[in-house]
Amino acid sequence: MPDIAYLGPPGTFTEQATRLLTEDFDAELVPCDTVPVALAAVRSGEVLAAGVPVENSVEGSVPATLDALTIDEPLVAVREAVIPVQFDVLARPGMTLERVETVASHPHALAQVRGWMGENLPKADVRAVSSTAAAAAAVADGDFDAAISAPVAGEHYPSLERLATGIADVRDAVTRFLLVRKPGTLPEPTGADRTSICAVISHEVGTLTDMLSELSLRGINLSRIESRPVKDSFGHYRFFLDFDGHVADARIGEALGALQRRCDSVRFLGSYPKADRAAAPVRPESSEQAFRESAEWLAAVREGRLA
């Protein structure tokens, strides 16, 4: 049975997502203290893969994950999952919302339920802890009255009672997670795929526009772009890009080749099925058939077979 690491401790949304990412094969889930520790375990061969958060629709990207994917040996994402972010209020037995004096959770979780707490726990003393699961554990230990936690935490702390479920100021908030492993055989194209890369470009006028034009010229839909500083070079940035398509697609392969020529460096972070399985529309001139026909035409020109 393979081991799969995830950002722990047990009882977090990452555990919930990693269960979903590995639901079709038997795996032992191993919690890790940080994202870099989880990815280091993959690189060392201690585990087969790791489930890590990459972005939240309210709080934005997860810098620890983005940074850890750009150092040391390359890793690639092979699956993604999108989890609704709705919390439970777990409390000591016999507690009621009216009696809660202290409530704990991770700062990101607290930010996403601030409005709900203002209405339902206006007098509670709010305490920030290292994770939503740590908050539940602290309540079980008697340190706090209640915790704002992921629903899965209730499985690990069955003595706690749910005072509220499905709470969130933004009802449609979600977090995206990736299953990351060492490079190897990639998932087969499905027609509803995402490709992720990290690119470093020169500090010159127009280089970002030039990079993006390689995608636009091939009709590739860019779904995410953001920058993170290159830590040992002030004023220089890594750009993280997600776009629709698979590296096996002609238009994606051609664009990646062009980016590799244009950019100072490009790190391929994976091609994998999108969680929503929604195929992106492709313009006729960017279709696989169009690329195949143009390649056949060019071969005929080079061989002197023009009709």
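Further up the page is the structure itself.
Residues numbered from 1 in each chain as written. Predicted model: local features only at pLDDT ≥ 70, side-chain atom pairs only at ≥ 80, totals over all residues. Heavy atoms only, no water.

S.K.: Explain the sheet that holds strand S15 (residues 265-273) here, please?
M.R.: The strands making up a sheet are joined through hydrogen bonds of the backbone, oriented either antiparallel or parallel. Ordered in space as S13-S14-S12-S15, the four strands form an open sheet in which the pairing is antiparallel. Two strands in the sheet have a free side with no partner beyond their single neighbour: strand S13 (222-229) and S15. Pairs of neighbouring strands in the sheet enclose a mean axial angle of 15°, with direction left out of account. Strand direction decides the pairing type here: strand S12 (residues 193-200) and S15, joined by eight bridges, are antiparallel. Looking across to S15, one finds that Arg194 is bridged to Tyr272. Helix-sheet contacts for helix H8 (residues 207-216) involve S12, S13 and strand S14 (237-244), and the interaxial angle to S14 is about 15°. Lying over the sheet, helix H9 (residues 250-262) contacts S12, S14 and S15, oriented at roughly 170° with respect to S14. (Pairing = 2+ DSSP bridges. Helix = DSSP H or I, 4+ residues; strand = E, 2+ residues; numbered from the N terminus. Axes fitted to C-alpha atoms, helices over the stretch in contact; angles between N-to-C directions. Contact = heavy atoms within 4.5 Å.)

S.K.: When you look at helix H6 (residues 132-140) in this model, what are you seeing that I'm missing?
M.R.: Working note: α-helix, 3.6 residues per turn, so residues spaced by three or four point in the same direction. Counted residue by residue, H6 has seven buried out of nine residues, so it is predominantly covered. Those residues of H6 lying buried are Thr132, Ala133, Ala135, Ala136, Ala137, Ala138 and Val139. In this structure, the buried side of H6 is in contact with strand S6 (87-91), strand S7 (102-105), helix H4 (107-112), strand S9 (146-149) and helix H7 (153-156). Downstream of H6 by a residue or two, Gly142 has a phi angle that is positive, lying close to 90°. (Buried < 20%, exposed > 50% of the residue type's maximum accessible area, 1.4 Å probe, protein only.)

S.K.: Whenever I open this one, the packing of aromatic side chains confuses me. Can you help?
M.R.: The geometry of two aromatic rings is summed up by the distance between their centres and the angle between their planes. Scanning the entire structure with this criterion turns up one aromatic pair. Taking the centre distance of 5.3 Å and the plane angle of 85° together, the rings of Phe13 and Phe87 count as edge-to-face. Of this pair, Phe13 sits in helix H1 (residues 13-21) while Phe87 sits in strand S6, and the two are 74 residues apart along the sequence. Residue Phe13 is classed as buried on the basis of its relative accessible area, which comes to 12%. (Phe/Tyr/Trp six-rings, centres within 6.5 Å; stacked < 30°, edge-to-face > 60°.)

S.K.: Before we go on, may I ask you to explain unusual backbone geometry in this structure?
M.R.: Residues apart from glycine generally show negative phi values, whereas peptide bonds are mostly found in trans. Looking along the chain, the bond that leaves Gly8 and enters Pro9 is cis, with omega of 5°. Tracing the chain through its elements places Pro9 in the loop between strand S1 (3-7) and H1. One non-glycine residue, Asp72, lies in positive phi territory at about 60°. Structurally, Asp72 is set in the loop between helix H3 (63-68) and strand S5 (76-84). We classify Asp72 as exposed; its relative accessible area is 54%.

S.K.: Even after reading the chapter, I still don't get the sheet that holds S7, so can you show me in this structure?
M.R.: Taking strand neighbours across the sheet as the criterion, the five strands line up as S8-S7-S9-S6-S10 in an open arrangement whose pairing is mixed. Looking at strand neighbours, the two that pair on one side only are strand S8 (125-128) and strand S10 (161-167), the edges of this open sheet. Neighbour-to-neighbour, the strand axes of the sheet open up by a mean angle of 20°, direction not taken into account. With four bridges joining them, S7 and S8 adopt parallel strand pairing. Opposite Ala104, over in S8, you have Arg127 as the bridge partner. Sheet contacts for H6: S6, S7 and S9; angle to S9, the most-contacted strand, approximately 160°.

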